[in-house]
Amino acid sequence: MKKLILAMAVSTVFAGGFAQAEETKPDHEVSFNAALASDYRYRGISQTRLQAALQGGADYTHNPSGFYAGTWMSTIKWTKDAGGGGDVEIDLYAGKRGEMTKDLGYDVGVLSYVYPSNGLPVSANTTEIYGQLSYGPAYAKYSHSVTNLFGFADSKNSGYLDLGANVEISTGLTLNLHAGHQQVKNNGAYSYTDWKVGLTKDFGIVTGAAAIIGTNAGEVAYASPANGKFLGKTALVVTVSKTF
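Owing to the predicted nature of the structure, the values given are computational and were not obtained by experimental measurement. (Residues numbered from 1 in each chain as written. Predicted model: local features only at pLDDT ≥ 70, side-chain atom pairs only at ≥ 80, totals over all residues. Heavy atoms only, no water.)

Thoughts on the overall build of the chain
Summing up its helical and strand segments, the chain has one helix and 16 strands in all. Computed over C-alpha atoms, the radius of gyration of the chain comes to 19 Å, within 12% of the 18 Å expected from 2.2 N^0.38 for 244 residues, which places it in the range of a compact globule. Reported as C-alpha extents along the three principal axes, the dimensions of the chain are approximately 65 × 30 × 30 Å. A buried classification covers 36% of the 244 residues belonging to the chain. Accessible surface, the chain as shown: approximately 12,900 Å² in total, 62% of it carbon and sulfur. (Helix = DSSP H or I, 4+ residues; strand = E, 2+ residues; numbered from the N terminus. Rg over C-alpha atoms; globule rule 2.2 N^0.38 Å. Buried < 20%, exposed > 50% of the residue type's maximum accessible area, 1.4 Å probe, protein only. Areas by Shrake-Rupley, 256 points an atom, 1.4 Å probe, with all protein chains shown as cover.)

Encoded structure:
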């Protein structure tokens with residue numbers, strides 16, 4: 001997925017050597033995004049059998065209140081490989097973000113992962129509620145499933161803890177750090193930890209990202225049913241994206 005995590009930025013305009021007032025955002029803001037990724041990794045696990053993915057989405061934000069809603073989609077392979085059907089993931093989400101203090105931000109919401117025609121014995125469709133706190137470039141986020149998790153039986157109330165930071169090291173260049181732990185309720189063999197170290201560069205026309213992603217997931221538990229390859233292997237993932 002998401003996955004996916006979306007960034008917000010505030011810019012200050014300078015003219016004639018004097019700082020001008022912060023640019024005012026419109027009350028209602030809509031944006032679109034599209035991307036090509038060498039592999040769709042979600043929480044460290046490949047959703048595309050270690051192959052490329054096409055992705056895109058749309059977002060709406062009501063800036064005065066911080067309420068937002070959006071959708072995001074990606075090509076996938078895992079539902080067919082698991083014996084079901086479908087070749088796309090559709091994410092639907094809504095929430096509210098804002099500031100508790102000058103430096104402490106929050107983001108709370110709900111996110112549904114929809115896999116049309118997945119046809120698995122336990123549906124892959126999943127809904128989570130989430131909450132995030134951020135301080136400067138660092139954040140801590142927890143996601144809690146209110147349904148079964150991605151086709152695992154009796155896995156309601158699974159949780160994912162995500163810790164990370166996105167640190168700007170020069171103009172347009174950001175260091176991305178992440179560590180997470182997926183707990184799969186009543187399915188301990190499928191719980192694991194994942195991590196990422198990467199760089200994101202804004203080239204103006206497009207944004208490029210490269211990251212080393214890995215997990216300590218069980219190689220048998222997360223082997224592709226199609227070819228036996230380990231879907232949580234450590235690898236370089238490259239993404240080119242555009243927001244407009």
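Structure's up, so let's keep going.
Remarks on the sheet that holds strand 13 (residues 173-183)
Two pairing modes exist for strands in a sheet, parallel and antiparallel, and in both the strands are linked by backbone hydrogen bonds. Here 12 strands make up a closed barrel; going around it, the order is 3-6-7-8-9-10-11-12-13-14-15-16 and the pairing antiparallel. Within this sheet the neighbouring strands show an average axis-to-axis angle of 20°, counted without direction. (Pairing = 2+ DSSP bridges. Axes fitted to C-alpha atoms, helices over the stretch in contact; angles between N-to-C directions.)

Considering the nonpolar core
Counting residues in hydrophobic clusters, the biggest one holds 24 residues, and the most contacted among them are Trp78, Tyr115, Phe150 and Tyr222. Of all the elements in the fold, those that place two or more residues in this core are strand 7 (67-75) and strand 9 (104-114). Excluding its chain neighbours within four sequence positions, the residues that come into contact with tyrosine 222 are Ile45, Phe152, Val184, Tyr190, Tyr192, Ala217, Lys229, Phe230 and Leu231. (Core = buried A, V, L, I, M, F, W, Y, C linked by side-chain atoms within 4.5 Å. Contact = heavy atoms within 4.5 Å.)

Details of the pattern of salt bridges
The full count for this structure, using the stated rule, is three salt bridges. Arginine 49 is the salt-bridge partner of aspartate 81, the closest N and O atoms lying 2.9 Å from each other. One end of the pair, aspartate 81, is in helix 1 (residues 78-81); the other, arginine 49, is in the loop between strand 5 (45-46) and strand 6 (53-62), and 32 residues separate them in sequence. Overall, the relative accessible area of 17% leaves aspartate 81 in the buried class. (Salt bridge = Lys/Arg side-chain N within 4 Å of Asp/Glu carboxyl O.)

Regarding a nonpolar patch on the surface
The grouping of Leu177, Trp195, Val197, Ile212, Leu236 and Val238 at the surface amounts to a nonpolar patch, some 480 Å² of accessible area in total. For the nonpolar patch, the elements supplying multiple residues, two or more each, are strand 14 (192-202) and strand 16 (235-243). The topology assignment puts leucine 236 in strand 16. (Patch = residues over 30% accessible without salt bridge, like charges linked within 9 Å, V, L, I, M, F, W, Y side chains within 5 Å.)

Some remarks on the environment of isoleucine 129
Within the fold, isoleucine 129 resides in strand 10 (residues 126-135). On the basis of relative accessible area, isoleucine 129 is assigned to the partly exposed category, the value being 41%. As for isoleucine 129 and alanine 69, which are separated by 60 residues in sequence, their C-alpha atoms are 14 Å apart. Excluding anything up to four places from it in sequence, isoleucine 129 contacts Gly109, Val110, Tyr142, Ser143, His144 and Val146.

Examining the packing of aromatic side chains
Within this structure, the stated rule accounts for 10 aromatic pairs. For the ring pair phenylalanine 152 and tyrosine 190, a centre distance of 4.7 Å and an interplane angle of 50° mean the geometry is tilted. Of this pair, phenylalanine 152 sits in the loop between strand 11 (138-145) and strand 12 (159-170) while tyrosine 190 sits in the loop between strand 13 and strand 14, placing them 38 residues apart in sequence. Given a relative accessible area of 17%, phenylalanine 152 falls into the buried group. Residue tyrosine 190 is classed as partly exposed on the basis of its relative accessible area of 29%. Here tyrosine 192 and tyrosine 222 contribute two aromatic rings whose centre-to-centre distance is 5.3 Å and whose plane-to-plane angle is 70°, an arrangement assigned as edge-to-face. Taken together, the positions of tyrosine 192 in strand 14 and tyrosine 222 in the loop between strand 15 (207-215) and strand 16 put the pair 30 residues apart, joining distant regions of the chain. Look at tyrosine 192 and you get buried, because its relative accessible area is 4%. What links up through ring pairs into an aromatic cluster is the set Tyr42, Trp78, Tyr113, Tyr115 and Phe150. In this structure, arginine 97 is placed above the aromatic ring of tyrosine 68, and the distance from its NZ or CZ to the ring centre is 4.0 Å. (Phe/Tyr/Trp six-rings, centres within 6.5 Å; stacked < 30°, edge-to-face > 60°. Lys NZ or Arg CZ within 6 Å of the ring centre and 35° of its normal.)

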